[in-house]
Amino acid sequence: MSDNHYDVIIIGTGAGGGTLAYHLAPSGKRILILERGDYVPREKANWDPQVVNVDAHYNAKESWLDKDGKELHPHTNYYVGGNTKFYGAALFRLRKEDFGELRHHGGISPAWPISYEDLEPYYTQAENLYQVHGNRGEDPTEPPANAPYPWPAVSHEPRIQQLSDDFARSGLKPFHVPVGVMLDEKNPHKSRCIRCNTCDGFACLVGAKSDAQVVCIDEAIKHSNVTLLTNSLVKRLDTDVSGREVKSVVVERNGAVESYSADVVVVSCGAINSAALLLRSANDKHPRGLANSSDVVGRHYMGHTNSVMMAISKCPNPTIFQKTLGVNDFYFCSKDFEYPMGHISFVGKLDAITLKAGAPAIAPNFTLELMAKHSLDFWLTSEDLPDPSNRVTIGRDGKIVLTYTPNNLEAHERLKGKLKQAMRQTNCTMHGHECHQGLFGRNLYVGQRIPLAGVAHQNGTIRFGHDPKTSVLDPNCKAHDVDNLYVVDGSFFPSSAAVNPALTIMANALRVGDHLMKRLGVSGKDYEQNLRQDRELAVSR
Ligand SMILES: Cc1cc2nc3c(=O)[nH]c(=O)nc-3n(C[C@H](O)[C@H](O)[C@H](O)COP(=O)(O)OP(=O)(O)OC[C@H]3O[C@@H](n4cnc5c(N)ncnc54)[C@H](O)[C@@H]3O)c2cc1C
Ligand code: SF4
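Every residue gets a number counted from 1 within its own chain, in the order that chain's sequence is written. The lettering of chains begins at A and the numbering of ligands begins at 1, in the order of writing. In keeping with the model being predicted, local features are shown solely for residues with a pLDDT of at least 70 and side-chain atom pairs are shown and tallied solely at 80 or more, while totals for entire chains, interfaces and linings include all residues. Just so you know, side-chain values use all the structure's heavy atoms and leave hydrogens and water out.

### A word on the overall build of the protein chain
Check the secondary structure of the protein chain and you find 12 helices and 19 strands. With C-alpha atoms as the basis for the radius of gyration, the globule rule is written as 2.2 Å multiplied by the number of residues raised to the power 0.38. The C-alpha radius of gyration of the protein chain comes to 23 Å, within 12% of the 24 Å expected for a compact globule of 541 residues. Taken along the three principal axes of its C-alpha coordinates, the protein chain extends 80 × 55 × 45 Å. Only protein chains enter the accessibility calculation, which uses a 1.4 Å probe; a residue whose area is less than 20% of its type maximum is buried, one above 50% is exposed, and one in between is partly exposed. When the 541 residues of the protein chain are sorted by exposure, 60% land in the buried category. Should any heavy atoms of two residues lie within 4.5 Å, those residues are counted as being in contact. Long-range pairs, those at least 24 residues apart, make up 73% of the contacts in the protein chain between residues at least 6 apart in sequence. Entry remark: accessible area of the protein chain is about 21,800 Å², with carbon and sulfur atoms responsible for 51%. We score Asp and Glu as negative and Lys and Arg as positive, and we do not count His or the chain ends. To locate a charge, take atom NZ for lysine, CZ for arginine, CG for aspartate or CD for glutamate. In the protein chain, 58 side chains carry a positive charge and 61 a negative one; their mean positions are 2 Å apart. The helix count covers DSSP runs of H or I at least four residues long, the strand count covers runs of E at least two residues long, and both are numbered beginning at the N terminus. Accessible areas in this description were obtained via Shrake-Rupley with a 1.4 Å probe; residue shielding takes into account the shown protein chains only.

### Observations concerning the side chain of Ser334
As for its placement among the helices and strands, Ser334 is situated in the loop between β13 (325-326) and β14 (343-346). Whenever two N or O atoms come within 3.5 Å, that pair is a polar contact, provided that in protein one can donate a hydrogen and the other can accept it, and provided that, for residues adjacent in sequence, both atoms are side-chain atoms. Of note is the side chain of Ser334, whose polar atom sits 2.6 Å from the side chain of Asp336. What Ser334 contacts, discounting residues up to four positions off in sequence, is Met341 and Lys418.

### Points about the packing of aromatic side chains
Stacked, tilted and edge-to-face pairs are distinguished by plane angle, under 30 degrees for stacked and over 60 for edge-to-face with tilted covering the rest, among Phe, Tyr and Trp rings (Trp via its six-membered ring) whose centres lie within 6.5 Å. Per the counting criterion, the structure on display carries 16 aromatic pairs. Between Tyr58 and Tyr79, the aromatic rings sit 6.4 Å apart at their centres with planes inclined by 65 degrees, giving edge-to-face as the arrangement. In this pair, Tyr58 is assigned in the loop between α2 (49-54) and β3 (64-66) and Tyr79 in the loop between β4 (71-72) and β5 (102-104), connecting sequence segments 21 residues apart. Arranged with centres 5.0 Å apart and planes meeting at 85 degrees, the rings of Phe464 and Phe492 form a pair that is edge-to-face. Remark: Phe492 occurs in the loop between β19 (485-487) and α11 (502-519) and Phe464 occurs in the loop between β18 (444-449) and β19; sequence separation between them is 28 residues. With relative accessibility at 0%, the residue Phe492 sits in the buried group. These aromatic residues form a ring-pair network of at least three members: Phe99, Trp112, Tyr116, Tyr123, Phe464, Phe492 and Phe493. We call a charge positioned above a ring when the Lys NZ or Arg CZ atom is no farther than 6 Å from the ring centre and deviates by at most 35 degrees from the ring normal. A cation over a ring is seen here: Arg36 above Tyr78, with NZ or CZ 3.8 Å from the ring centre. Over the ring of Tyr149 we find Arg136; its NZ or CZ atom is 3.9 Å from the centre of that ring.

### Some words on the site of ligand 2
Proximity criterion: a residue is near a molecule or strand once any of its heavy atoms comes within 4 Å of it. Every one of the 13 residues lining ligand 2 counts as a neighbour, but Cys193, Ile194, Cys196, Cys199 and Cys204 are closest to it. Residues are grouped as follows: Ala, Val, Leu, Ile, Met, Phe, Trp, Tyr, Cys and Pro are nonpolar; Asp, Glu, Lys and Arg are charged; all remaining types, including Gly, are polar. For the shell around ligand 2, the per-class residue count stands at 10 nonpolar, one polar and two charged.

### A few points about α11
Counting along an α-helix, one turn takes 3.6 residues, and residues three or four places apart therefore face a common direction. To estimate how far a helix should extend, the number of its residues minus one is multiplied by 1.5 Å. Between the first and last C-alpha of α11 there are 25 Å, a value that for 18 residues agrees with the 26 Å anticipated at 1.5 Å per step. In terms of residue burial, α11 counts as a mostly covered element, since 14 of its 18 residues are buried. Gly521 lies just past α11 and shows a positive phi near 70 degrees.

### With respect to the sheet that holds β3
Two strands qualify as a pair provided DSSP detects at least 2 bridges between them. Taken in spatial order, the four strands make up an open sheet running β4-β3-β17-β16, and their pairing is mixed. Two strands bound the open sheet, and with one partner strand each, they are β4 and β16 (391-394). Bridge analysis of β16 against strand β17 (residues 400-403) gives four bridges, and the strand direction is antiparallel. Counterpart to Thr393 in the pairing with β17 is Val401.

### Details of the nonpolar core
Working definition of a nonpolar core: buried Ala, Val, Leu, Ile, Met, Phe, Trp, Tyr and Cys residues. They are joined through side-chain atoms within 4.5 Å. Core analysis: the largest hydrophobic core is formed by 116 residues, its most contacted members being Ile11, Tyr130, Leu237, Val249 and Leu485. Examining the composition of this core, we find that 10 residues originate from one element, α11, more than from any other. Excluding anything up to four places from it in sequence, Leu237 contacts Ile11, Val246, Ser248, Val249, Val265, Val267, Leu277, Leu278, Ser281, Leu290 and Leu485. Ranked by size, the runner-up nonpolar core spans 20 residues in total, among them Phe337, Met341, Leu376 and Phe378.

### What to know about unusual backbone geometry
Located in the positive-phi region is Asp295, a residue other than glycine, with phi close to 60 degrees. Topologically, Asp295 is positioned in the loop between α6 (271-280) and β12 (305-312).

### What to know about the site of ligand 1
The full set close to ligand 1 counts 37 residues, and Gly16, Glu35, Asn83, Ala90 and Ala502 are the nearest of them. Interatomic distance of 3.0 Å between a backbone N/O atom of Val234 and a nitrogen atom of ligand 1. With respect to ligand 1, the backbone of Gly490 contributes an N or O atom lying 3.0 Å from an oxygen atom. Protein coverage of the free-state accessible area of ligand 1, which is 1,000 Å², stands at 94%.

The structure is reproduced here in structure tokens:
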């Protein structure tokens, strides 16, 4: 067997690929990880809002096209760890009901081929691995879980606690958002996380965010059977003559073209790039793109309908780590709207520099500086529905084309209305009733839907399902059409639900990892023994 042959090749090191690599590493199998990017350089600029949010220094340097042929600069990141290097680490389980069919105002959200119960043990594993901090039992829509969160929730700072109390008084059930940061509030002097204001959207300079590089890839490559090649862009996948097996993974590395092979090839490039890779790998046996007999590859692109809404009040908001509060009371319905609306939480605290990048309308009597000091910066997510016309294709010049028409928008408008209503009912305890009058009389919301280039929550382009006519992957995330091809990034979602996607991608990668270990004949005994040896080695280091 050639040196370039492996048991498993994993393409991409984000939430899906990174987690799978971590899980398979103790199997002893020869694993090659291919990542187009490099490590995020550790530099002070990691935490500089001008460099990160205005100059978009760490964003991918390529451009894609929208349906009208207009260039768009995707807000996505090509690094070891993928987009988890920059994510806000809000790590939610989907709701149990999200796995079934749900009727929305804009249409049907289809059922998944697996149930919540199938994924539950892997959610628990993923929460442990990514050190999720949360409190079970607070979120009224939370699905049943077999274990508590491994860490208590990150506490609210006073302004957010005040808002939480206000919301609770008005009958809502606010909860602590589950987040993957390595914060130890009981032992601050030992805590790796320093609770700073540059977390959501920024890479963590001190390696304290539970991202796929720090948590998974750094650990996986400690195993001598695992090789990581960075700056390795996978250009195409070639099959054998039957078309049933990927025979060659063609990679551009340091200006040269190289070729690798494996018994199992796992694609995990993110939902848009994975679809693009399969489409670019068309051949005689797969004329519409690899594994695309269904013509489904690239279709049903979803990315959520998201808005950032700034609630400006007279009271300042000196919060540093703002992403601690969530409201799911309107996730499924309300008394006056029988359809799901979505999820309300927060983005990281906005500052004046960041506001300049996507300048909102200025609130009367407020400068950007003042707005940043006084805003509560909400993040609203509603489900977008899988529409086959919303799709990734490859343009004539080889560029990615992203065609997307938003849908289910009434749900999002209703959700905004619910937040406005909830904010009007809040009561400022700091300044008494008078302040309350002025404060809420002058509240202003600057709501703007996140534009198409905001592809942070991309999913759905290589959906899994039972029927090869309507899905690309089977329930184990193996391609129906190809015997050794798997996909474990956000592509597999048949519906987008309305909570952040990363924990579901991680949990599913662990589930597929178990399936692959069976397929590769890894015995539980060997795996456990390797794990024990790793732990002993780690202790002796
Ligand atoms: C600013 C921001 C904030 C976010 N906040 C949250 C949050 O709070 N909670 C949450 O759940 N989600 C959040 N997300 C979304 C979350 O990061 C993604 O859902 C998740 O990272 C997707 O995982 P993935 O494995 O599908 O893809 P990615 O993490 O994008 O990984 C794909 C990897 O593949 C590599 N790659 C791509 N093409 C190729 C190729 N051809 N060859 C080799 N390598 C390739 C990329 O470089 C990348 O490393 C956020 C995203 C962003 C950008
Ligand atoms: S130190 Fe903590 S809050 Fe700051 S970026 Fe790192 S994980 Fe996030």
